[in-house]
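# Working through the structure, step by step
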Amino acid sequence: LSEGRQISVGVSTGIATLDRNTGGYPIGSVSAILGATGHGKSTLLGNGARASAGGGDLALVYSFEDPSKFWAQRALAQESGVPTETIVRRTDLETKGGVAVLRKIIAGLSTKRSEVIVPSSQWSADDVIRDVQSRRARDVATHGRKRKCSVWVDYVQVMRLEIQRNGNREQGIAHAMDRMSWLAQGCGSSDRADECAVVAASQVKQKVIDEKRAPRIDDGADSFAIAKVCKFMVGINRPSKYDTNADSKQGRIDVLKRNQGDDEVFADVELDLATHSIRERKPSHREPPPYWGDR
């Protein structure tokens, strides 16, 4: 700081409240995003990658389930405000308002997005490590310096697991998480610039869905190693999945684990999954201000 250099403690989550109160996803360790199907894990992960790349980082998204065109369609929906369904099916494009819709899409195309989507079906953790090392080396050759790097894994349970003889799925996930931790720490390098932020999305246990509740720290599906290895963890909850009377766009992100500080941090968000967007909800003017003690 005394030399006038910017000191980054982490990469952006894409949510201002979380960044302000936690410093973002930490560099040098693995973070996790827990959530049930349809609650917005990929949306939160994608928004973090978008914010990281927008800040000048080398942001690498490893998609183990969705092809690149799905991520491209989501990005276009985010930038244009046109629902993904309209972009995919071309609905409304031949109606009276079709020209306006097309103009929004074209405007979205003009926005530069620099995160890199890497189709990773059937890849193992070691495959990811090799690819990250290769891409970082090429990036240094291009820019002449090491940029801050963020690695986004979508998602843990669909990776190809290295399971030893007589081993099981839980041990395979534990091994994958350990390898992701090694990657975050710089793959054994003594150069701190080789460290990166690794953020892995994770499915939750079936009991979370059965009990119709928000995720907790030990709710990562298939292995407790997810909670053990991660140094920072958030859970995303969408109440309307369990309550038909709830606002379909209302959501909440809770910090479930934070080794470097208080984990009593949360953000109320608006989940517009039609355009794969996530925004903080502004509190109602009727809501009382937070209590800060005697002043």
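Quick look at the structure, then. (Residues numbered from 1 in each chain as written. Predicted model: local features only at pLDDT ≥ 70, side-chain atom pairs only at ≥ 80, totals over all residues. Heavy atoms only, no water.)

## So, the side chain of His276
Short version of the rule: Secondary structure is summarised from DSSP: a helix means a run of H or I of at least four residues, a strand means a run of E of at least two, and numbering begins at the N terminus for each. The cut-offs for exposure are 20% and 50% of the maximum accessible area for each residue type, with area from a 1.4 Å probe on protein chains only; residues under the lower value are buried, those over the upper are exposed, and the others partly exposed. By definition in these notes, contact holds between two residues if any of their heavy atoms fall within 4.5 Å.
Note on placement: His276 falls in the loop between β10 (266-272) and β11 (277-280). In this structure His276 comes out as buried when scored by relative accessible area, which is 17%. Filtering out sequence-adjacent residues up to four positions away, His276 remains in contact with Thr43, Asn47, Arg74, Gln78 and Thr84.

## Side note on the nonpolar core
Here is the rule we go by: Think of a nonpolar core as a cluster: buried Ala, Val, Leu, Ile, Met, Phe, Trp, Tyr and Cys residues, connected wherever their side-chain atoms sit within 4.5 Å.
Ranked by size, the top nonpolar core spans 38 residues in total, and within it Val151, Met180 and Leu183 carry the most contacts. Contributions of two or more residues to this core are made by β3 (30-34), β4 (58-63), α6 (125-143), β6 (149-154), α7 (169-184), β7 (197-202) and α9 (225-229). Not counting residues within four places of it along the chain, the set of residues in contact with Leu183 comprises Val128, Ile129, Val132, Val151, Cys196 and Val198. Formed by 27 residues, the second largest nonpolar core is a distinct cluster that contains Ile15, Tyr25, Phe232 and Ile278.

## What about the sheet that holds strand β5 (residues 116-119)?
We count it as follows: One requirement defines pairing of two strands: DSSP has to find at least two bridges between them. For helices, the fitted line uses only the C-alpha atoms of the stretch in contact; every axis is such a line through C-alpha atoms, and the angle between N-to-C directions lies from 0 to 180 degrees.
Strand order in the open sheet formed by nine strands is β5-β4-β6-β7-β3-β8-β9-β10-β11, with mixed pairing between adjacent strands. Each edge of the sheet is formed by a strand with only one pairing partner; in this case those strands are β5 and β11. Sheet twist, expressed as the average angle between the axes of neighbouring strands with direction ignored, equals 25 degrees. As judged from the four bridges shared by β6 and β7, these two strands associate in the parallel manner. Across the sheet, the residue bridging to Trp152 is Val199, located in β7.

## As for α6
Put simply, the rule reads: A helix is expected to span 1.5 Å multiplied by its residue count minus one.
Look at α6: 27 Å from first C-alpha to last across 19 residues, which is about the 27 Å you get at 1.5 Å a residue. Listing the buried residues of α6 in full gives Ala125, Asp127, Val128, Ile129, Asp131, Val132, Arg136 and Asp139. Where α6 is buried, its residues touch β4, β5, β6 and α7. Phi turns positive, to about 75 degrees, at Gly144, one or two residues after α6.

## Some thoughts on helix α2 (residues 41-54)
Under the 1.5 Å per step criterion, the end-to-end length of α2 is 20 Å for 14 residues, consistent within 8% with the ideal 20 Å. All of the buried residues in α2 are Lys41, Thr43, Leu44, Leu45, Gly46, Asn47, Gly48, Ala49, Ser52 and Ala53. Gly56 sits one or two positions beyond α2 and adopts a positive phi of about 95 degrees.

## Some details on the packing of α2 against helix α3 (residues 68-80)
Selection rule: Orientation is classified from the angle alone, with under 35 degrees giving roughly parallel, over 145 giving roughly antiparallel, 65 to 115 giving roughly perpendicular, and any other angle giving oblique. Only Asp, Glu, Lys and Arg are considered charged in this grouping, and only Ala, Val, Leu, Ile, Met, Phe, Trp, Tyr, Cys and Pro are considered nonpolar; every other residue, Gly among them, is considered polar.
Running from N to C, α2 and α3 cross one another at 75 degrees; their axes reach a closest spacing of 12 Å. With respect to α3, the element α2 is oriented roughly perpendicular. Residues Ser42, Leu45, Gly46, Asn47 and Arg50 of α2 form the contact with α3, whose own contacting residues are Trp71, Arg74, Gln78 and Glu79. Residues that form the contact of α2 with α3 fall into these classes: two nonpolar, four polar and three charged.

## Overview of the pattern of salt bridges
Under the convention used in this document: Every case where a carboxyl oxygen of Asp or Glu lies within 4 Å of a side-chain nitrogen of Lys or Arg is listed as a salt bridge.
If you walk through the whole model with that rule in mind, you get 21 salt bridges. A salt bridge links Asp57 to Lys148; the shortest N-O distance between them is 3.9 Å. Note that Asp57 is positioned in the loop between α2 and β4 and Lys148 in the loop between α6 and β6, a separation of 91 residues in sequence. Note that Glu79 and Arg113 form a salt bridge whose closest N and O atoms lie 2.6 Å from each other. Of this pair, Glu79 sits in helix α3 while Arg113 sits in the loop between α5 (98-109) and β5, and the two are 34 residues apart along the sequence. Taken together, the shared-partner salt bridges in this structure form one network comprising Arg50, Glu79, Arg113 and Glu115.

Treat this as a map of the structure, not an account of what it does.
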